[in-house]
Amino acid sequence: MGDVTVTKSPDGVWCLCRLVRERLKAEVEEMKSQFSGFRPGLVVLQVGDRDDSNLYISSKLKAAAEIGIDAKHLRLPNTTTQDEVLQSILSVNQNLSVHGLIVQLPLDSVSSIDTELITNAVCPEKDVDGLSCMNAGKLSRGDLSDCFIPCTPNGCMELIRQTGVSVAGKHAVVIGRSKIVGAPMHDLLLWNHATVTTCHSKTLDLPEQVGRADVLVVGAGRAEMVRGEWLKEGAVVIDCGINHIPDETKLSGKRVVGDVHYASANQRAGFITPVPGGVGPMTVAMLMESALRVTLCSLTGGRRHGNSSGVVNRK
C-alpha cells in the first residue's frame, strides 16, 4: 500500500482504513486467480453473549466478508467449562481449512476459566491475534518478522507511520501495560528504534511523562484521563480507549469517549485519533491482514507469520 498521510480529521483515519481493506481485497482476488480454491479461513471463538463482544465480532465478520475471508463465528454458551473451550480450540487447531483463530476476550462463563491457558492453547501458527506466549516472546525479543503482532498495537503503528512521523529516535510514551495493548506496544516502538517510557497506575508524575512524548499511545481504560494541557505541542496521540460516560443528549443516556480528552488534546496534538472511529477500525484491518498473510504463506510454503505494518524492515 502506498503511503497516504492522514490528517487530524477523523475522515483521514477512515480513509486510511478503507484503503487497507481495499488493498487486502485486491490481494485476495489476485491469489484466487493464482491458486485454485484459495480461500482464507478464520474462526472467531466466543464464550458467552456479552453485548460489547458481539459488537466487536460483528465488525470483524463484516470486514472479513468484504475482503473475501471465510470467517465463522463459534459461540459457546456461558456455561462452557475450561475443558470444553480447550477441546474447541484443539478442534480448530487441527482443521486445515482454518488459517487463523481468534479467541474473543473476555471469556464470559459462569465457570472458572484461565484466560492465559486458553490463549496459549491456540496454535502459534494460527494465533493471528498474537496473544500466545510464543508470539509475545518473539515480539519482546525483536523477532518481528517471525511472529504475529497483536492487532491493536499493529494498527497503532500503521496509523503513526501514515502520519509521516518516524518513531526512530523519538521519545514515545505508552500509558497502560496490558498484554493486549500496552506491553506489545512498548515492544513495537522499542524495536522501531524509539526511546520508550511505559506508564501505569503506579506512575507518580504522569503529566510530566506525557509532556515529554513525541508519540503518545494511551490504553489505560480510564475515560478522558489525559488532558490536552499535558501534551507536548505537535505530539502524535493514539487513543486506544473505549469508555462510556453519561450523556443525557443521547438516546442511550451515554456516549463513547477515549482515554484522552479529545477537545483539549486536539488543540495541541499534531495528530490525534478520534474515539470512536480511530484505532478500532484499523485494529480490524490489521487482523484481516494477519489472516491473509498466514493463508498465503500456507499456500506458498513461506514463513507462516510474515511481516506486517509493525515490522521495522517493512518495504
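Residues numbered from 1 in each chain as written. Predicted model: local features only at pLDDT ≥ 70, side-chain atom pairs only at ≥ 80, totals over all residues. Heavy atoms only, no water.

**Structural notes on the UniProt feature "domain: Tetrahydrofolate dehydrogenase/cyclohydrolase catalytic" (unreviewed entry) in the chain**
(1) Moving on: When the UniProt feature table is mapped onto this chain, "domain: Tetrahydrofolate dehydrogenase/cyclohydrolase catalytic" (unreviewed entry) is found at residues 20-129.
(2) Moving on: Between the C-alpha atoms that bound residues 20-129 there is a distance of 18 Å. The span itself is 46% helix and 16% strand. (UniProt positions renumbered as here; feature names shortened; annotations may be inferred. Helix = DSSP H or I, 4+ residues; strand = E, 2+ residues; numbered from the N terminus.)

**Considering helix α2 (residues 51-67)**
(1) Moving on: Between the first and last C-alpha of α2 there are 25 Å, a value that for 17 residues agrees with the 24 Å anticipated at 1.5 Å per step.
(2) Moving on: When α2 is considered as a whole, its buried residues turn out to be Ser53, Asn54, Ile57, Lys60, Ala63, Ala64 and Ile67.
(3) Moving on: Backbone geometry just downstream of α2 places glycine 68 in the positive-phi region, at approximately 110°. (Expected span 1.5 Å × (residues − 1). Buried < 20%, exposed > 50% of the residue type's maximum accessible area, 1.4 Å probe, protein only.)

**Description of the domain arrangement of the chain**
(1) Moving on: You can read the domains of the chain as domain 1 (35-123) and domain 2 (151-281).
(2) Moving on: Using only C-alpha atoms to locate each centre, domain 1 and domain 2 end up separated by 28 Å. (Domains from an automatic or database assignment.)

**As for helix α3 (residues 82-93)**
(1) Moving on: Here α3 spans 16 Å end to end across 12 residues, near enough to the 16 Å set by a 1.5 Å rise per residue.
(2) Moving on: Those residues of α3 that fall on the buried side of the exposure criterion are Val85, Ser88, Ile89, Val92 and Asn93. On an axial view of α3, the arc spanned by its buried residues comes to 140°, and they lie on one face. Among the exposed residues of α3, those pointing more than 90 degrees away from its buried face are Asp83 and Gln87. (Arc of directions from axis to C-beta.)

**Some remarks on the packing of helix α6 (residues 151-162) against helix α7 (residues 182-191)**
(1) Moving on: Across the interface, α6 lies against α7 with an axial gap of 9 Å and an inter-helix angle of 40°. Relative to α7, the element α6 lies oblique. Along this stretch, α6 crosses α7, giving a crossing that reads as right-handed. Judged by residue contacts, Pro153, Asn154, Cys156, Met157 and Ile160 of α6 engage Pro184, Met185, Leu188 and Leu189 from α7.
(2) Moving on: Its residues placed into classes, the contact of α6 with α7 shows eight nonpolar, one polar and no charged. (Axes fitted to C-alpha atoms, helices over the stretch in contact; angles between N-to-C directions. Parallel < 35°, antiparallel > 145°, perpendicular 65-115°, else oblique. Left-handed = near helix turned anticlockwise from the far one by under 90°. Contact = heavy atoms within 4.5 Å. Nonpolar A, V, L, I, M, F, W, Y, C, P; charged D, E, K, R; others polar.)

**Considering the nonpolar core**
Nonpolar side chains tend toward joint burial in soluble globular proteins.
(1) Moving on: Counting residues in each nonpolar core, the largest one holds 52 residues, and the members touching the most others are Ile160, Leu189, Val217, Ile238, Met282 and Met288.
(2) Moving on: Ranked by the residues each element gives to this core, the list is headed by helix α10 (residues 279-300), at 10 residues.
(3) Moving on: Split by domain, the residues of this core number at least three in each of domain 1 (35-123) and domain 2 (151-281).
(4) Moving on: Leaving out residues up to four positions away in the same chain, isoleucine 238 has contacts with Cys156, Leu159, Ile160, Leu216, Val217, Val218, Phe271, Thr273 and Val279. (Core = buried A, V, L, I, M, F, W, Y, C linked by side-chain atoms within 4.5 Å.)

**Looking at the sheet that holds strand β6 (residues 215-218)**
Picture the strands of a sheet paired through backbone hydrogen bonds; they go either parallel or antiparallel.
(1) Moving on: Reading across from one edge, β5-β4-β6-β7-β10 is the order of the five strands in this open sheet, with parallel pairing throughout. One side of each edge strand has no neighbouring strand; the edge strands of this open sheet are β5 (195-199) and β10 (271-272).
(2) Moving on: Relative to β5, strand β4 (residues 171-175) is paired through five bridges, and the arrangement is parallel. Within the sheet, the bridge partner assigned to isoleucine 175 lies in β5 and is cysteine 199.
(3) Moving on: Here α7 sits on the sheet and contacts β4, β5 and β6; the angle it forms with β4, its principal contact strand, is near 170°. (Pairing = 2+ DSSP bridges.)

**Description of the pairing of β6**
(1) Moving on: What you see with β6 is no split at all: Val215 and Val217 on one side and Leu216 and Val218 on the other are buried throughout.
(2) Moving on: Bridge count between β4 and β6: four bridges; the pairing is parallel. What sits directly across from valine 174, in β6, is valine 217.
(3) Moving on: With four bridges connecting them, β6 and strand β7 (residues 236-239) associate as parallel partners. Counterpart to valine 217 in the pairing with β7 is isoleucine 238.

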